[in-house]
Amino acid sequence: MITHKRTLLAALVSISLFGCGEKATQTNAAPAPTAADAKAFLTQAQNDIEKMQVPAAHAEWSYATNINFDTAAVSAYFNEVLSTKVANLAKEAAKFNDVDVDVDTRRQLNLLKNGLTMPPPSDPVKAERLAKIGSDLSAMYGAGEYCREDGTCKSLVEMSGEMATVRDADLLLEYWKGWREVSKPMAPLYAEQVSLANEGAAELGFANVSELWRGKYDMTAEAFPKELDRLWSQVEPFYEALHCHVRAELGEHYGEDVVPQDKPIPAHLLGNMWAQSWGNIYDIVKPQQEMTVPDVTAALNAQGYDEIAMVKQAESFFSSLGFEELPETFWERSMFQKPEGRDVQCHASAWDLDDKDDLRIKMCIQKTGEEFNVIHHELGHNYYQRAYKNQPLLYRGSANDGFHEAIGDTIALSITPKYLKEIGLIDTIPDASNDIGMLMQVALDKIAFIPFGLMVDQWRWKVLSGEVTPEQYNDLWWELREKYQGVMPPVERSADAFDPGAKYHVPANVPYTRYFLAHILQFQFHKALCDIAGDEGPLNRCSIYGSEEAGKALNEMLEMGMSQPWQNALETLTGSPEMDASTIAAYFAPLKAWLDEQNATRQCGW
Ligand code: X8Z
Ligand code: ZN
């Protein structure tokens, strides 16, 4: 995730000024709290938290980069202690509900109240259990592997690498099913965790964890899902056109018995373990007319890039915008490759251990164009973290969580042919006759992702609100996969399957709507920065590489952290306070026209 520390930070906190009591027994004689008391409370709380979160972050890093019995115990302990303290502080903050305080004080009190992701109940036995489940689920995912009948075992990284290029439907199905064995035993733990965290949420005054998660967006928890529906309706027609074309081409490739043309697409054929982004099957769905699209994987390999060189290249993009170089300790302490002989959490993340300059990434980098993008994504987190480090602790975060996820992706949208030529990865810039191919490549990654980015939390919100029972978890998952993405399980799922658990963010409890938002926001950011950089060409050919003006404008937004509602941050950069997918439509307009032509005689939909 990212901002791994955000989760902890959420957990920050401390002994309070006023003693950690819930339901404070305020006697009639006690003076009513004042605005000054509220400020003092926040100062004290943030100081205490600041001190405590550093060792907690080190414990978490140790666990994620070396999963074993001892690191698990220490990280679970810190999680429990910190989240319990935050929960206590959040309860205490309620004392100031009716006090007339200034805007910043109110915002910080609210951030404290909404900060936790999985709030612990006040019963210490239950709090300990919640932390233990979190740690166990994380280990099950991180150490998970699939062992074939011949006794050889495959990690998720290995299977993902193969699924990107393998076109043998049987092998794809084997890996798809194999990885979903890992999540089956998570099911009872997950259900138990939901009810524990809901107890914690109720103590904080929320109906349930779903309401807590939906309430972090500077609007009501009821209004937020409507905002998402609005954005999705802007993208949906384009997604359906892409889906229609991809299903038809997959049908040609694998046969219509494997890919029926009136049903959702079987989820194992899209070049990705979760069918969440489809860029790896470009070769199957590309336009018939010969088109040159830069092959970044091939170029990186031809030029002998290793993992570090890939990260250095990404860093140099940020440097070209005027951002300070990463510190020496970044290179010493980051994990760039999977170490031999121990389990690690390979899922990419970016860390700020001390809010000073101990920035790191943790990845098991593969030498592909896809991973080159992920590196930019992670560095985007690090530069954001660095930009807001001087804000008060409670403001050290992104405007909303979608902003954190969008920054590195925004930069990666500038990895255009023009840029690739400039850094010597390709020799010639393909002319405009190749645009449909290049737009297709980007759409397979970005547009295909959007409904997935939306459905994960549509599932979780229902699960976390208790609207569905554990027996219904898996069926609901596939209902939503079908509804939003138009994909289906390639084989019937057994009653003990828990397929959501096969996606990192579910066992790790990382909210997922952030990625949906990021996929909308990054196009808005890209357009605004291209305008500032004075690039007048089409958006898909714009690269802001080397534009210090663009870097400055970006940094102004990043520095704000969470000090203001996200609408203000958005307006600072783009001139508008609204999230809006019309930039996506503009970016891909030629591809949409092309898809509509291709689909003219096809029966679309599922
Ligand atoms: O989890 C991530 C990042 C870390 S925050 C690598 N992403 C989502 C995913 O992999 O599912 C980036 C895009 C979506
Ligand atoms: Zn991220």
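Please refer to the structure higher up on the page.
Residues numbered from 1 in each chain as written. Chains lettered and ligands numbered in written order. Predicted model: local features only at pLDDT ≥ 70, side-chain atom pairs only at ≥ 80, totals over all residues. Heavy atoms only, no water.

Draft legend 1. Inspection of the state of the cysteines at higher detail. With the rule as written, the count across this model stands at 4 disulfides. What pairs with Cys-346 in a disulfide is Cys-364, and their sulfur atoms sit 2.0 Å apart. Residues Cys-346 and Cys-364 share a disulfide whose torsion about the S-S bond is about -80°; that sign makes it left-handed. Placement of Cys-346 in the loop between α14 (328-333) and β4 (349-352) and of Cys-364 in the loop between β5 (359-362) and α15 (369-387) is noted, with a sequence separation of 18 residues between them. Both residues of the pair, Cys-346 and Cys-364, count as buried. Linked covalently through their sulfurs, Cys-530 and Cys-542 form a disulfide whose S-S length is 1.9 Å. Here the S-S torsion is close to -100°, and the disulfide linking Cys-530 with Cys-542 is therefore left-handed. With Cys-530 in helix α21 (residues 513-533) and Cys-542 in the loop between α21 and α22 (548-559), this residue pair connects regions lying 12 residues apart in the sequence. For the pair Cys-530 and Cys-542, a shared accessibility class is recorded, and that class is buried. (Disulfide = S-S within 2.5 Å. Helix = DSSP H or I, 4+ residues; strand = E, 2+ residues; numbered from the N terminus. Buried < 20%, exposed > 50% of the residue type's maximum accessible area, 1.4 Å probe, protein only.)

Draft legend 2. Up close: the coordination of the zinc ion (ligand 2). His-377 (NE2), His-381 (NE2) and Glu-405 (OE) make up the full set of protein donors to the zinc ion (ligand 2), lying at 2.0 to 2.1 Å. For the zinc ion (ligand 2), the 4 donor atoms in the first shell make angles of 90 to 131° at the metal, a pattern classed as tetrahedral. Expressed as a motif, the donor residue spacing for the zinc ion (ligand 2) is H-x3-H-x23-E. Taken as a pair, His-377 and His-381 lie in helix α15 at a separation of 4 residues, close to a single helical turn. Here His-377 and His-381 have matching classes, each one buried. (Donors = N, O, S within 2.8 Å, 3.2 Å for Na, K, Ca; no water. Tetrahedral: all angles 85-135°; square planar, octahedral: opposite > 155°, others 65-115°.)

Draft legend 3. The arrangement of the site of ligand 1 in detail. Neighbouring ligand 1 are 13 residues, the closest being His-347, Lys-503, His-505, Tyr-512 and Tyr-515. Separating an oxygen atom of ligand 1 from a side-chain N or O atom of His-505 is a distance of 2.8 Å. At 2.5 Å, a side-chain N or O of Tyr-512 approaches an oxygen atom of ligand 1. Residues that form the shell around ligand 1 fall into these classes: 5 nonpolar, 5 polar and 3 charged. (Near = heavy atom within 4 Å. Polar contact = N/O pair within 3.5 Å; in protein donor to acceptor, adjacent residues only side chain to side chain. Nonpolar A, V, L, I, M, F, W, Y, C, P; charged D, E, K, R; others polar.)

Draft legend 4. Seen up close, the packing of aromatic side chains. Evaluation of the coordinates by the stated rule reveals 38 aromatic pairs. With a centroid separation of 4.7 Å and 55° between ring planes, the pair formed by Tyr-587 and Phe-588 is classed as tilted. Both residues of the pair, Tyr-587 and Phe-588, count as buried. Taken together, the aromatic side chains of Tyr-190, Trp-459, Tyr-473, Trp-477 and Phe-498 make up a single cluster linked through ring pairs. Just above the ring of Phe-206 sits the side chain of Lys-113; from NZ or CZ to the centre is 4.8 Å. (Phe/Tyr/Trp six-rings, centres within 6.5 Å; stacked < 30°, edge-to-face > 60°. Lys NZ or Arg CZ within 6 Å of the ring centre and 35° of its normal.)

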